[in-house]
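Each chain, written out:
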Amino acid sequence: MQLVTVRHLGTFLTDPLDVPLMVLDYVAAQLQVADPSVVKRYTEREKTRLEHQWELGEVFGYVSFAAGRPGLVRWLDDEAWTTGDGPRALFFAAVGWLRQHRVLLPGVTTLVELVAEVREATELRLYDALAGAVSAEQAVDLERLLLVPEGQRRSRLDRWRRAERSTTGRGMVRALERVAEVAGLGMRRVDTGAVPTRRVIGLARYGLAAKAPKLARHPYRRRIATLLATVRWLEVTATDDALELFDVFMTGELVGRASKTADKEKLRQHRAYARHAPVLAQAVQVLLDAAEWGEGVPLDAVWDAIDSTVGSRARLRAAVEGVTPLISPADTDPDGQWRAAVVERFASVRGFVKMLCQVIEFGAAADARRVLEAMRRLPELLDARPSNRVPTGFLDARAVDVDLVPKGWWQRLVFAKDRPEGTVDRNAYVFCVLELFHTRLKHRDIFAVVSDRFADPRARLLAGARWRAVKGPALGALGLPESPDELLAAHAQDLDAAWRDTAGGIDHGGQVRIDAAGRLHLAKDDALDEPPSLADLRRRTTGMLPAVDMPEVILELMALYPGFGEAFTAVTGGTSRLADLHISVAALLTAHALNVGLTPMIADTPALNRGRLAHVDQHYLRPECYTAANAVLLAAQAEIGLARAWGGGLVAAVDGMRFVVPVRTADARANPKYFARKRGVTWFNMVSDQAMGTAGKVLSGTPRDTLHLVDLVYHPDGGPRPEVLITDAGSYSDVVFGIVTLLGYDYRPVLADLPDAKLWRIDAGADYGSLDRAARGRIDLGKITRHWPDILRVIVSIHAGDISAHDAIRILQHDGRLTQLGDAVATYGRIFKTLHVLTFVDDPSYRRQLKAMRNLQEGRHGLGRHIFHGRKGELHRAYHAGMEDQLGALGLVLNCVTLWNTIYLDHALDTLRAQGYPVTDADAARLSAYQARHINVHGHYSFTLPELAGGRRPLRDPDVREPE
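For the structure given in this document, a descriptive report is provided here. The structure presented is a predicted model; accordingly, all values stated were derived computationally and were not measured.

## Some details on the packing of helix α23 (residues 550-560) against helix α37 (residues 880-914)
- In the contact formed by α23 and α37, the axes pass within 10 Å of each other and the chain directions differ by 70 degrees. In terms of their interaxial angle, α23 and α37 are classed as roughly perpendicular. Residues Met 550, Val 553, Ile 554, Glu 556, Leu 557 and Leu 560 of α23 touch α37, and the partners they reach there are Val 893, Cys 896, Val 897, Leu 899, Trp 900, Ile 903 and Tyr 904.

Put into structure tokens, the structure is as follows:
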């Protein structure tokens, strides 16, 4: 029994017989002891217990806490120094370390005090290291940030925290001035290499959240260290904010408005076009007819025929002159006429164009250096004084990079016919360079040196000693060999077998049809029948769910699962002394998720007054708390029988939920399909087959790039790692298949246009019967082999978290085309894309699983829209962090509702079975947790839990109709 307890509990019990009877009986059965009660004699001799503990320690390697304490302290010191985790996280990590190293656990108080002692020591070391790196003059400059200048209401630090939201030229100037002010302190030059980057960023986040008076009250070294970290990170975020604003300004305010102006001009010109086109058509028809008059027809005869048809030669000349301005330049985008309109808005960009490269330090890949150099020269060109040879509005052609101007519209505008000789049009050249710069910046061929979102992705790939250290373990975890020969041979066999199996299984009179071009067509699957037993079970279980207010759902789960409420810790990492903190948290989660604001939550109690709610909102609600709370809910859902009937948590679907953002912000984008004339964001989220959301992130606008799903999968809130990923039809390119598959996932996107999907083979000489023409593409395995080392470096870099999959794709493309490395990854992906399509065609159950998961995701989004009903369901947050906070609260509350419904649905099923009602497993598995009619999300809200007999509310009678 002592061996059992030390293995399970990590320590020996003072009374070795203080164990549950069922454990005692189980061990007795294993040892074939007929009468377990004889164990009572074990304690008759006191030293027997101690001797056995010593013997177990000798045999199994258990040591006392005193002996293991030095090692634990060293490990705790390293963990606290590198991670910055709070006392709770370090406590449980320490328990794990002690159990792993077979050190007997001490008392809770002893371990808590040790963790606090070590953590406090590392915090002081952190403050000393950062404050010690600052000179006396720099320390004075940092402390001045907390002072409120005379005649102003806010300190400089408070002003710098707020990003510029105006997407105009003046807004860009103010955003760049903010970058210049922050960078002007020179804190990037302070050497912080002795401190882990993670700790600096963590301290900076605290500094950005805390108010200036609170920072001023900290001890000197902590104050200086916090301000240093905050200013260094502010320079990064200010740069990102300015470039994000630049992107919005270029795509929305500048190009968007110019496009509208160009469209209006096209409509205005259409009347002239309609008048001149018939004249030209008649003249051309005469020329075509003249070709049949025979040889030797005089030119005058042709002209006479044209004149008699169109009326006069002057009318024909007028028609030609009338349509010539409407013709796009050769080799240009026919929709690029907006460029002619945008050059009229030079005044809106003149101010920030001169500042952009002076304030922000940029770097560039080799093929983008000319663009960056042209951008850097613009301030000098714009400051040049006009002369007789180069008048106002023009630039000296010898001073500009004329070869950089692309053919087409920009050639026509930059080298206008009426310009003075030896010059170029100033406005057109500036906008030409600006567009080239913006395009290169979006592709990260041009990048900001001090940035997070706009940094150089190539610099983030693993290299040198770190690559050598990470390579082996990462390849082992991903199951990828250093030599791909055997792996590719196995894939070739799988693909060949899939072609043959699918061709052999096709029923030519069934759902699959092959047209003359060899393209596959698949008829729509019949909907699953809904038996009367399922309809009645849905009605009964839905009617049995107790009526409840939204805050009560949250509070009830906090009572059932204490770790849920305990996840909301103070930003300082200390223990909260606030009474009824869980009520304040529940009120804030309700307010954010319902999008109704704080006013409906405020009541005449300490936990619900406005000051308390504002304090808790600022210091206790943040993404890491949502993640910890969600982990508790995910673990609870996985233990419910009904949830296990839905799935094992290994299948996940990823999709986006759109939100209109009516406030001015740089973090929203336009898309008329989803946002009409406004802008919006996408809440990209992942749901498991147990109906729980496992991750989410906010994306500007409506990006198509499905590679954001990898970022979600690698940063889940909890639950098992999914094996199967299902997405919509937005993006299933070959490169996406390659990256996701190499990362070890079974990627299954919904196929929108099956006949247009190009399918691939490896064996060019194989005969696949009726599908032989469908296998149009040929996969070159040699291409994969040649680039395999570089492929591994990219994939391992994503796996190790050094680069996101979204940024990695930038390395694999150039000017919208795949690089050789990108083409190799795409070639690998074609194997699995073809396998996916063939399985999709051949296996109805495979298709039904995709459909079921897509329906599950849509059901969750429908529930989300029902809950997020306030303010017309629009997101009124101007900053990305605020959007993440509010939609993080929505995701957490969605999981609360899902878990609460699952608990009571499972309870309802047990009750029905106990009553003799026939419940089949097949019917139970088709029930949905996404129900909300019984949950009040409108009006006044209750924050008082009733007495719950047995831990649950009483179920309602499904046969009694209650008032709505």
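Moving on from the model shown.
## Brief notes about the pattern of salt bridges
- As enumerated under the stated definition, the model contains 52 salt bridges in all.
- Of the charged contacts in the structure, one is a salt bridge between Asp 445 and Arg 440, with a shortest N-O distance of 3.3 Å. Pair check on accessibility: Asp 445 and Arg 440 agree, each one buried.
- Each member of the salt-bridge network shares a partner with another, and the members are Arg 178, Asp 240, Asp 241, Glu 244, Asp 247, Arg 453 and Arg 669.

## Side note on a nonpolar patch on the surface
- Together, Leu 31, Val 33 and Val 38 make up an exposed nonpolar region whose accessible area comes to about 250 Å².
- You can see Leu 31 is positioned in the loop between α2 (21-30) and α3 (46-60).

## Description of the packing of aromatic side chains
- If you walk through the whole model with that rule in mind, you get 16 aromatic pairs.
- Aromatic side chains Phe 568 and Tyr 626 sit 6.4 Å apart centroid to centroid with 75 degrees between the ring planes, which places their arrangement in the edge-to-face category. Of this pair, Phe 568 sits in the loop between α24 (562-566) and α25 (581-594) while Tyr 626 is found in helix α27 (residues 623-638), placing the two residues 58 residues apart along the sequence. The pair formed by Phe 568 and Tyr 626 is uniform in burial state, with each residue classed as buried.
- Taken together, the ring pairs connect Phe 246, Phe 249, Phe 352, Phe 362 and Phe 437 into an aromatic cluster.
- Stacked on the ring of Trp 81, the Lys or Arg Arg 125 has its end atom at 4.6 Å from the ring centre.
- The positively charged end of Arg 830 is found above the aromatic ring belonging to Trp 760, 4.4 Å away from the centroid.

## Quick look at helix α4 (residues 65-83)
- Where α4 bends most, at Gly 71, the angle is about 30 degrees.
- Those residues of α4 lying buried are Phe 65, Gly 68, Gly 71, Leu 72, Leu 76, Ala 80, Trp 81 and Thr 83.
- In the core, the buried residues of α4 are packed alongside α5 (87-100), α6 (108-132) and α10 (197-209).
- Among the residues trailing α4, Gly 84 stands out with phi positive, at a value near 70 degrees.

## Some remarks on the environment of Val 750
- With respect to the secondary-structure elements, Val 750 resides in the loop between β13 (746-749) and β14 (760-761).
- Residue classification places Val 750 among the partly exposed residues on the basis of a relative accessible area of 23%.
- Separated by 138 residues in sequence, Val 750 and Gly 888 place their C-alpha atoms 27 Å apart.

About the criteria used
Residues numbered from 1 in each chain as written. Predicted model: local features only at pLDDT ≥ 70, side-chain atom pairs only at ≥ 80, totals over all residues. Heavy atoms only, no water. Axes fitted to C-alpha atoms, helices over the stretch in contact; angles between N-to-C directions. Helix = DSSP H or I, 4+ residues; strand = E, 2+ residues; numbered from the N terminus. Parallel < 35°, antiparallel > 145°, perpendicular 65-115°, else oblique. Contact = heavy atoms within 4.5 Å. Salt bridge = Lys/Arg side-chain N within 4 Å of Asp/Glu carboxyl O. Buried < 20%, exposed > 50% of the residue type's maximum accessible area, 1.4 Å probe, protein only. Patch = residues over 30% accessible without salt bridge, like charges linked within 9 Å, V, L, I, M, F, W, Y side chains within 5 Å. Areas by Shrake-Rupley, 256 points an atom, 1.4 Å probe, with all protein chains shown as cover. Phe/Tyr/Trp six-rings, centres within 6.5 Å; stacked < 30°, edge-to-face > 60°. Lys NZ or Arg CZ within 6 Å of the ring centre and 35° of its normal. Bend = angle between axes of the 7 residues up to and from the residue.

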